[in-house]
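Structural overview
Residues per chain are reported as follows:
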Amino acid sequence: MLDRRPGPGPAARLHPRPGGGDSAGLGRAASRRAGGGRVNGLVASGVTRSHRLPRQRPWSRPGRHTAVHGVDLRLAAGESVGLVGCSGSGKSSLLRCLLALDRPDAGSVGYDGRPVVPGPAHALRWFRRRVQYVPQDPASTLDPRMTVAALVAEPLRHLDVPGDPDVVVRSALQRVDLPAELAGRRPGELSGGQAQRVAIARALAPGPALLLADEPVSGLDLPVRRQVVELLAELSLRQGLGLLLVSHDLSVVSALCSRTVVLHDGRVVEDRPTGELVADPRHPRTRLLVEAVPHLPC
Ligand SMILES: Nc1ncnc2c1ncn2[C@@H]1O[C@H](COP(=O)(O)OP(=O)(O)OP(=O)(O)O)[C@@H](O)[C@H]1O
């Protein structure tokens, strides 16, 4: 979903993260199959993913639309990378493959050298302990009947995470700056920013090394949005948590990510350090995204 609120111009909003990414990592990733040799972090190699289209007529064969074409992506341990693109560029389709929610038609995904493929929950526990997902809209993903404490504790049970759940929940709430008093509340009693912090605490509880966050601030008002960006910066830049930030908004990505991958029509059209990409966008689609900062449609 695109957020179209007005705001200051691109130069005022783009603050590239210092340091630089490693665009050569893409080439190295492409040269090995995910799950093959020992590679630290998340690696997608040649991922292609298509969706079935509705039949034109009851007797005709359903067609397919290819949303992701042969994408190579590498996210080293502790790295923070932005995945940007306009609506329909294939971000969600790729993300679902990276999360082992969908199986690529071709190519592969691996984590720390182990293949990551959709399958029964128990077979993916090792992966879900290491890689967690932060959704765009916590209001629709947090069960309204559960308390904050139960919501944050739930993945611990599902993923067989050792340790005292009460201690882990307290620590996760602390990491996202939520007061312990909120533990007994339900999602309906939280503000948008608090709900997003609960979603992040829930993702942090199993102790992952990497968060995949899908437009984590796009539904929030500007001041709250800044606070959540600051929280993500604390986790990724200062605490060393890996972050793949999916967004259409380069201002958020440039505040958080050293490297940015631009998707267009399901293909990677740029993969470079964010500062370089923002200062000198090469692909017309990247130029549009830079010019659209902060929130214009593309
Ligand atoms: N389940 C589906 N069935 C058919 N087509 C789909 C399906 N999901 C996505 N698509 C199509 O695949 C393409 C990529 O969609 P995708 O949702 O991955 O892009 P996106 O970059 O995440 O878009 P947005 O930013 O709007 O969420 C689009 O053309 C979309 O219409």
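It should be noted that the structure appears before, not after, this text.
Described in the following lines is the structure provided in the data block. (Residues numbered from 1 in each chain as written. Predicted model: local features only at pLDDT ≥ 70, side-chain atom pairs only at ≥ 80, totals over all residues. Heavy atoms only, no water.)

Taken together, the residues surrounding the ligand are His51, Arg52, His65, Ala67, Cys86, Ser87, Gly88, Ser89, Gly90, Lys91, Ser92 and Ser93. Within the backbone of Ser89, an N or O atom sits 3.1 Å from an oxygen atom of the ligand. Take Gly90: an N or O atom from its main chain is 3.1 Å from an oxygen atom of the ligand. For the ligand, whose free accessible area comes to 630 Å², the fraction covered by protein is 61%. Every element with two or more residues in the shell around the ligand is listed here: strand E1 (42–52), strand E2 (64–75) and helix H3 (91–98). Per-element tally for the shell around the ligand: the top contributor is H3, with three residues. Looking at the shell around the ligand residue by residue, the classes come out as two nonpolar, eight polar and two charged. (Near = heavy atom within 4 Å. Polar contact = N/O pair within 3.5 Å; in protein donor to acceptor, adjacent residues only side chain to side chain. Areas by Shrake-Rupley, 256 points an atom, 1.4 Å probe, with all protein chains shown as cover. Helix = DSSP H or I, 4+ residues; strand = E, 2+ residues; numbered from the N terminus. Nonpolar A, V, L, I, M, F, W, Y, C, P; charged D, E, K, R; others polar.)

Attention shifts here to the nonpolar core. In terms of nonpolar packing, the biggest core is built from 50 residues, with Val152, Leu173, Ile200, Leu245, Leu250 and Leu256 touching the most fellow members. Elements with a minimum of two residues in this core: helix H6 (148–158), helix H7 (165–175), helix H8 (192–204), strand E7 (210–214), helix H9 (222–238), strand E8 (242–247), helix H10 (250–256) and helix H12 (284–291). If near-sequence neighbours (up to four positions away) are discounted, Leu173 is found in contact with Val148, Val152, Leu178, Ala183 and Ala201. Membership of the second largest hydrophobic core comes to 29 residues, among which are Ala44, Val81, Leu98 and Val246. (Core = buried A, V, L, I, M, F, W, Y, C linked by side-chain atoms within 4.5 Å. Buried < 20%, exposed > 50% of the residue type's maximum accessible area, 1.4 Å probe, protein only. Contact = heavy atoms within 4.5 Å.)

Strand pairing in a sheet relies on backbone hydrogen bonds, with the paired strands running either antiparallel or parallel. Taken in spatial order, the four strands of this open sheet run E2-E1-E4-E5, and their pairing is antiparallel. Strands with a single pairing partner mark the edges of an open sheet, and in this sheet they are E2 and strand E5 (114–115). Direction of pairing for E1 relative to E2: antiparallel, over a ladder of eight bridges. Among the inter-strand pairings, Arg49 is bridged to a residue of E2, identified as Val68. Here H3 sits on the sheet in contact with E1, E2 and strand E4 (106–111), set at roughly 120° to E1. Against the sheet, helix H4 (residues 121–130) makes contact with E1, E4 and E5, and its axis sits at roughly 65° relative to E4, the strand it touches most. (Pairing = 2+ DSSP bridges. Axes fitted to C-alpha atoms, helices over the stretch in contact; angles between N-to-C directions.)

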